[in-house]
Amino acid sequence: MSEIRFDGQVAIVTGAGGGLGRAHALALGERGARVVVMDVGAAQPVVDEIAAAGGEAMGWSGSVSDAGTVEAMVATVMDRWGRIDILINNAGILRDKSFAKTPLDFFDAVMDVHVRGSWVCTQAVWEIMRAQGYGRVLMTTSSSGLYGNFGQANYAAAKGAVVGLMNTLAIEGAKHNIHVNALSPAAATQMTRDLLPPEALALLAPETVSPAALFLVSEGAPTKTILAAGAGIVALPAITETPGIDLGPAPRPEDVADAFARIVAQPGAEKLEAAWAQTQKFVAMAGNRRG
């Protein structure tokens, strides 16, 4: 297989001052991309690392949820390099507490960075990608958002939301060659270093996640796909739906209860292309009753 390269491409990585974002930015720079290192803190050290390795980068300090800051960054990038090919929405924060004890400002803060930030940054580059007929956008989800995790209701809600955003943007971007995917990383970062024992942290270096991220923003990337990655392991989480059980034109709750075991165990689950596919399936199945 030929080497995956990003020569001539411009990539924006948010939350790239450390952890996963830094690893993604360095890996993109190593493979030829011009990289925008965006972080609410210090971005310049990572810019310097990329430059020291022979790459080209620029830094931008600011919040991903501040539309004005993001628009100014995008305008500066376009003035300097004339295109934007890749956006990795990596910026994130934690405000962990059990649901009953989570104050509303903890919920707002997490949604602001993860959901609003992903929305704002993606919308800022969307028309550029549409006009050039090419774009790769990567959302960062989490196993907490896919499966749940005690004490992370706000974080899980946010990480689940970006999967819904990915699903719709993949549909809207398809005719413009914009592929939109999601990464569920397992890595030792500032957000997780106090949660894991040292031996686990040693295995979960952020650099072991970046290969999956780079594949998902490459020219040959799929779209509307989630990959989970960590410690050199890559897996595919997927949302699927069983074929369905026809309970008749006027089902009762008791009918659902009686059929529940068959619904759950039914073979032949598949991924649906869009919400409308489910409606079409149900209408077609109901229509077959007349036959």
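Conventions used here
Residue numbers run consecutively from 1 along every chain, following the written order of its sequence. Only residues with pLDDT of at least 70 get local features here, since the model is predicted, and only at 80 or more are side-chain atom pairs given and counted; chain-wide, interface and lining totals rely on the full set of residues. Side-chain calculation: all heavy atoms of the structure are included, whereas hydrogens and water are not. Counting from the N terminus, the helices are DSSP H or I runs at least four residues long and the strands are E runs at least two residues long. Radius of gyration: C-alpha atoms only; globule rule: 2.2 Å multiplied by the number of residues to the exponent 0.38. A contact between two residues is defined here by any heavy atoms of the two lying within 4.5 Å. By this rule, a helix spans an expected 1.5 Å times one less than how many residues it contains. Only protein chains enter the accessibility calculation, which uses a 1.4 Å probe; a residue is then buried when its area is under 20% of its type maximum, exposed when over 50%, and partly exposed in between. In this analysis, axes come from line fits to C-alpha atoms, helices being fitted only over the stretch in contact, and the angle between any two N-to-C directions falls in the range 0 to 180 degrees. Here a crossing is called left-handed whenever its near helix is offset anticlockwise from the far helix by less than a right angle, and right-handed whenever the offset is clockwise. Cavities and pockets are found on a 1 Å grid laid over the protein atoms alone: a cavity is a set of points where a 1.4 Å probe fits but cannot escape, a pocket is an open set with protein on both sides within 12 Å along at least five of seven lines, and a lining residue has an atom within 4 Å of such a point. Grid points are joined across faces, edges and corners, and a volume is the space filled by probe spheres set on the points. Following the grouping adopted for this structure description, the nonpolar residues are Ala, Val, Leu, Ile, Met, Phe, Trp, Tyr, Cys and Pro, the charged ones are Asp, Glu, Lys and Arg, and the polar ones are all others, Gly among them. By definition, two strands form a pair when at least two bridges between them are found by DSSP. Salt bridge, as used here: a side-chain nitrogen of Lys or Arg that lies within 4 Å of a carboxyl oxygen of Asp or Glu.

Q: Describe the overall build of the protein chain, and please don't skip the residues or the numbers.
A: If you tally the helices and strands in the protein chain, you get 10 helices and 8 strands. What you see for the protein chain is a C-alpha radius of gyration of 21 Å, in line with the 19 Å of a compact globule of 291 residues. Principal-axis analysis of the C-alpha atoms gives the protein chain an extent of 70 × 45 × 40 Å. When contacts within the protein chain are restricted to residue pairs at least 6 apart in sequence, those whose partners lie at least 24 apart make up 67%.

Q: Provide a residue-level description of helix 1 (residues 19-30), including the pertinent values.
A: Taking 1.5 Å of rise per residue, 12 residues should cover 16 Å, and helix 1 covers 17 Å from first to last C-alpha, within 8% of that figure. Of the residues making up helix 1, those classed as buried are Leu20, Gly21, Ala23, His24, Ala25, Ala27, Leu28 and Gly29. Each element contacted by the buried residues of helix 1 is listed here: strand 1 (10-14), strand 2 (34-39), helix 2 (44-52), strand 4 (86-89), strand 6 (178-185) and helix 8 (210-216). Positive backbone phi, at 100°, marks Gly32, one or two positions downstream of helix 1.

Q: Give a detailed account of the packing of helix 3 (residues 67-81) against helix 4 (residues 104-132), specifying residues and quantitative values.
A: Running from N to C, helix 3 and helix 4 point in directions that differ by 35°, and their axes come no closer than 10 Å. By crossing handedness, the relation of helix 3 to helix 4 is classed as right-handed. For the pair formed by helix 3 and helix 4, the contact residues are Ala67, Val70, Val74 and Met78 on the first element and Arg116, Val120, Cys121, Ala124, Val125 and Ile128 on the second.

Q: Explain the layout of surface pockets residue by residue, including any values.
A: By volume, the second largest pocket amounts to about 380 Å³. Surrounding the second largest pocket, 19 residues form its lining, Asn167, Lys224, Ile239, Lys271 and Leu272 being those nearest its centre. Elements with a minimum of two residues in the lining of the second largest pocket: helix 6 (153-173) and helix 10 (275-287). Split by residue class, the lining of the second largest pocket holds 9 nonpolar, 5 polar and 5 charged.

Q: Account for the sheet that holds strand 2, with residues named and values stated.
A: If you trace the 8 strands from one edge of the open sheet to the other, you get 3-2-1-4-5-6-7-8, paired in mixed fashion. On the outer flanks of this sheet lie strand 3 (56-61) and strand 8 (233-235), each paired with one strand and no other. Taking each pair of neighbouring strands and ignoring which way they run, the sheet shows an average axis angle of 20°. Running at roughly 170° to strand 4, helix 4 makes contact with strand 1, strand 4, strand 5 (135-140) and strand 6 of the sheet.

Q: Which residues make up the pattern of salt bridges, and what values go with them?
A: Enumeration over the complete set of coordinates arrives at 12 salt bridges. Close ionic contact of Glu49 with Arg22 constitutes a salt bridge, the shortest N to O distance being 2.8 Å. Of this pair, Glu49 sits in helix 2 while Arg22 sits in helix 1, and the two are 27 residues apart along the sequence. A residue is classified by how much of its surface remains accessible, and Glu49, at 31% relative accessible area, is partly exposed. Ionic pairing is found between Asp85 and Arg83, a salt bridge with its closest N-O pair at 2.7 Å. Asp85 sits in the buried class, given a relative accessible area of 1%. Look at Arg83 and you get partly exposed, because its relative accessible area is 28%. Connected via shared salt-bridge partners are Glu3, Arg5, Asp7 and Arg31.

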